[in-house]
Amino acid sequence: MGAENELNLNGNWIRHFAQIEYTQSYFTPSFQFESESKELKANNEQILKTDSYKFIEYTPKFSIKDILNSNFSLEYKWRVENRVDSGLIKRESDAFTQVYSLSSRPVSNLSTNVDITLRNRRYTEPFRTLAGGNSESLLIRSLIKYAEFNRAFESDFFYDVATQKSAKLERVFRRVKKGDGNYIYAGDLDSNGVATEEEFRPVRFEGDYILMTVPSEILYPVIDLKFNTRFKFIPSRIISDNTWFGKIISVLSSETFYRVDEKSSEPNQRKIYTLNFKHFLNDHTTIVGNNNLTQDLFLFEQNNFVSIRLRYYQRKTLTQYALSTEKSYRRERSIRIRLQLLNEVVNQVDYENKRENITASVESYRIMNINSDYLSSDWIYRPYQMIEVGFKFGVG
């Protein structure tokens, strides 16, 4: 409870919190209660300020620990929120949240962590209109790690999906001090009285505009998915090098990494969270998405004298802005050779073949199609651990 005389406000702020739990053997039931009330009024007035609010929350929880190398918990939350409308505190929403968590290591080479959260929030009028309607959200996060054959084979799987409301992105040019920007305004080229993106030009010097990417005001129900997986294979850990075949295989190893990020307004969200990839990077439903693949093949990876890496990298992206849709494609094929000529001298040679392509649904200065080759050699001299001298040259 207190008063803010400088702002001519009187206020009451009350908080309550209580928690109780009991553990018996593997089981732990618990209960948590929390409430908060904040009321701000101008002196000599009975109308509440918009900063005022109230909420109350009840959270029962049940946990099971250390059974078959696993932990499990379930949690339920009931929350009632009140906000100010027309100077009075009114019931804004009721929310019910379910949280399920599992962590398990059934065997030494396998571990699993899964968290599932479901939230249902219902608004009363007029708050329903302001919030854009009732909301239902789902959050699933899973991480699985597996290794086998003396870690000759390793893999990771990560899966994260959430439903939410999100805005499309739009580019905005903001004026700054001349010389601090990297764009100039070329004028009203289409004579429509509106400064559009095509009327700004990139410059190196004397620019007086900068480009910012900001969310638009309209919110859309979307599903946001993140998925990646990694595979590592080292055959020398399971194949003996006593034979000619074993000696050849022992110098090889590989690693594969695949990642997908997709924020989509697809009405049938099942197509997204079940990883139906033909509905990803869609011109009509994808808001922001990218698809990455990296494949590495190593020769003599653990050799101190020489090591070779061959890489294939591919990335596809799609971004839907307020007025246009932009796609990009990037591919890289490269080889890296590292030689330890002396204890103090290392030479690394890189060759890269790249292709970068950007297209857009409207005319844009960002559209390009570039093919490039680049060769470089990097010499490193390290006489002591704390001293390093390098010389690098390249041509492309």
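You'll find the structure just up there.
Residues numbered from 1 in each chain as written. Predicted model: local features only at pLDDT ≥ 70, side-chain atom pairs only at ≥ 80, totals over all residues. Heavy atoms only, no water.

Some details on empty space enclosed by the protein
In the structure shown here, the tally under the stated rule is one cavity of 30 Å³ or more. Within this model, the largest cavity holds a volume of roughly 30 Å³. Every residue along the wall of the largest cavity is listed here: Arg171, Glu197, Ser324, Glu326, Ala360, Val362 and Ser364. Here the residues of the lining of the largest cavity are counted per class, giving two nonpolar, two polar and three charged. (1 Å grid on protein atoms, 1.4 Å probe; cavity = no way out; pocket = protein on both sides within 12 Å on 5 of 7 lines; lining within 4 Å. Points joined across faces, edges and corners; volume = space filled by probe spheres on them. Nonpolar A, V, L, I, M, F, W, Y, C, P; charged D, E, K, R; others polar.)

Focus on the nonpolar core
One finds Tyr159, Val161, Ile223, Leu225, Phe227, Val260, Ile272 and Phe280 forming the largest nonpolar core, which totals eight residues. Listed by contribution, the elements that provide at least two residues to this core are β9 (153–175) and β12 (209–233). Broken down by element, this core gets its largest block of residues, three residues, from β12. Excluding residues that lie within four positions of it along the chain, Val260 makes contacts with Leu225, Lys226, Phe227, Phe277, Phe280, Asn290 and Asn291. (Core = buried A, V, L, I, M, F, W, Y, C linked by side-chain atoms within 4.5 Å. Buried < 20%, exposed > 50% of the residue type's maximum accessible area, 1.4 Å probe, protein only. Helix = DSSP H or I, 4+ residues; strand = E, 2+ residues; numbered from the N terminus. Contact = heavy atoms within 4.5 Å.)

Brief notes about the pairing of strand β7 (residues 110–123)
In this sheet, β7 lies alongside strand β6 (residues 88–107) in antiparallel orientation, the contact comprising 13 bridges. For Ser93, the partnering residue across the bridge sits in β7 and is Tyr123. Hairpin connection from β6 to β7: two residues lie between these consecutive antiparallel strands. (Pairing = 2+ DSSP bridges.)

A closer look at the side chain of Gln320
Structurally, Gln320 is set in strand β15 (residues 306–320). Among the polar contacts listed, one links the side chain of Gln320 to the backbone oxygen of Thr286, at a separation of 2.6 Å. (Polar contact = N/O pair within 3.5 Å; in protein donor to acceptor, adjacent residues only side chain to side chain.)

Observations concerning a nonpolar patch on the surface
A contiguous nonpolar surface patch, about 530 Å² in accessible area, is contributed by Leu297, Leu310, Ile335, Ile337, Tyr351, Leu375 and Val395. You can see Val395 is positioned in strand β19 (residues 387–395). (Patch = residues over 30% accessible without salt bridge, like charges linked within 9 Å, V, L, I, M, F, W, Y side chains within 5 Å. Areas by Shrake-Rupley, 256 points an atom, 1.4 Å probe, with all protein chains shown as cover. Salt bridge = Lys/Arg side-chain N within 4 Å of Asp/Glu carboxyl O.)

Observations regarding the pattern of salt bridges
Considering all chains together, one arrives at 26 salt bridges under this definition. In this structure, Glu255 and Arg230 form a salt bridge, with 3.3 Å as the shortest nitrogen-oxygen distance. Of this pair, Glu255 sits in strand β13 (residues 252–264) while Arg230 sits in strand β12; the two residues are 25 residues apart in sequence, bridging distant segments of the chain. A salt bridge links Lys354 to Glu352; the nearest nitrogen and oxygen atoms lie 3.4 Å apart. Residue Lys354 is classed as partly exposed on the basis of its relative accessible area of 25%. Each of Glu57, Arg79, Glu81, Arg83, Glu92 and Arg121 takes part in salt bridges that share partners, so that together they form one network.

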